[in-house]
Amino acid sequence: MAMIGIIDYGMGNLYSVRKALERLGCPYIVSGDNKELARARGLLLPGVGSFRDAMHILRETGLADFIRAAAENGTPLLGICLGMQLLFDESEENGPTKGLGLLRGRVVRFPGVTKTGEPYKVPHMGWNRLRFHRPSPLLHGVEEGHVYFVHSYYVVPGDEDVVLASSEYDVDVPAVVGRGNVWGTQFHPEKSGAVGMRILNNYVGIVTGRGNR
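What this report covers is the structure whose coordinates are included nearby. (Residues numbered from 1 in each chain as written. Predicted model: local features only at pLDDT ≥ 70, side-chain atom pairs only at ≥ 80, totals over all residues. Heavy atoms only, no water.)

Attention shifts here to the pairing of strand β2 (residues 28-31). What you see with β2 is a clean split: Ile29 and Ser31 sit on the buried side and Tyr28 and Val30 on the side with no burial. Looking at chain direction, strand β1 (residues 4-7) and β2 are connected through four bridges and run parallel. Bridge pairing in β2 links isoleucine 6 to valine 30. Handedness of the β1-helix α1 (residues 14-23)-β2 crossover: right-handed. (Buried < 20%, exposed > 50% of the residue type's maximum accessible area, 1.4 Å probe, protein only. Helix = DSSP H or I, 4+ residues; strand = E, 2+ residues; numbered from the N terminus. Pairing = 2+ DSSP bridges. Right-handed = clockwise from strand over helix to strand, strands pointing away.)

With that settled, the discussion passes to helix α4 (residues 63-72). Inspection of α4 places Leu63, Ala64, Phe66, Ile67, Ala70 and Ala71 among the buried residues, and these make up the whole buried set. Buried residues along α4 cover an arc of 165 degrees about the axis, so they all sit on one side. Facing away from the buried surface of α4 by more than 90 degrees, the exposed residues are Asp65 and Glu72. (Arc of directions from axis to C-beta.)

Pairing is mixed across the open sheet formed by eight strands, whose spatial order is β2-β1-β3-β4-β14-β13-β12-β9. Either end of the sheet is taken by a strand with one partner, and the two such strands are β2 and β9 (131-132). Pairing between strand β4 (residues 77-80) and strand β14 (residues 182-185): four bridges, direction parallel. Note that in β14 the partner of isoleucine 80 across the bridge is threonine 185. Relative to the sheet, α1 contacts β1, β2, β3 (42-45) and β4, its axis offset from that of β1 by approximately 170 degrees. Most of the contacts of α4 go to β3, to which it runs at about 135 degrees, and overall it touches β1, β3, β4 and β14. (Contact = heavy atoms within 4.5 Å. Axes fitted to C-alpha atoms, helices over the stretch in contact; angles between N-to-C directions.)

To continue, consider helix α6 (residues 193-208). For α6, with 16 residues, the first-to-last C-alpha span of 22 Å sits near the 22 Å given by 1.5 Å per residue. Among the structural elements, β1, α1, β3, β4, β10 (146-151) and β14 are those in contact with the buried residues of α6. Of the residues flanking the end of α6, it is glycine 209, one or two places downstream, whose phi is positive at about 75 degrees. (Expected span 1.5 Å × (residues − 1).)

When two helices pack together, their arrangement is given by the angle between the helix axes and by the axis-to-axis distance. Where helix α3 (residues 51-61) contacts α4, the two axes come as close as 5 Å, and the packing angle between them is 85 degrees. For the element pair α3 / α4, the angle class is roughly perpendicular. In contact with Met55, Leu58, Arg59 and Thr61 of α3, α4 contributes Leu63, Ala64, Ile67 and Arg68. (Parallel < 35°, antiparallel > 145°, perpendicular 65-115°, else oblique.)

Put into structure tokens, the structure is as follows:
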């Protein structure tokens, strides 16, 4: 049976992701071991915290090379929140740090001040509306609705074609990204009600080959 590997590197909200997969009836393993994760047909990369700290752990454990190789070999990969940001080239958080480089772009901090000088709250926290730009198997049957964000940094893509959906928070925030077998959500789909669960269900369908339902 097709199984999803939740990558455990000590910086992910694993409980809520696990519970979401259980609700969808999808078998999974939670592991930080490359050999165990290699048994999975799809990979989930969650993440909460610092980009620099996350990449340090991924490099030291060999998970960074494993994730790159798996993605290049066609394994469906979904990054969530910080996990989505890690898919890109680099981040300015706590100084320039190289990411996994699977998608082109930089991660930068919300300025916290509008172009007219009005301050706004950082982090971007709470429910915000998705606006779709491009079709994707990940978004099949998903309606433009509200999803749950918690982040102080956002992606400036090197290629706008990877942005599948966005939200507005003074700037355009890439909310769903994807190219080939690599996808990411800046929001937490596992905490985003029916919209988020539909996206996760689509991902499970891609991994298991069952199609969308």
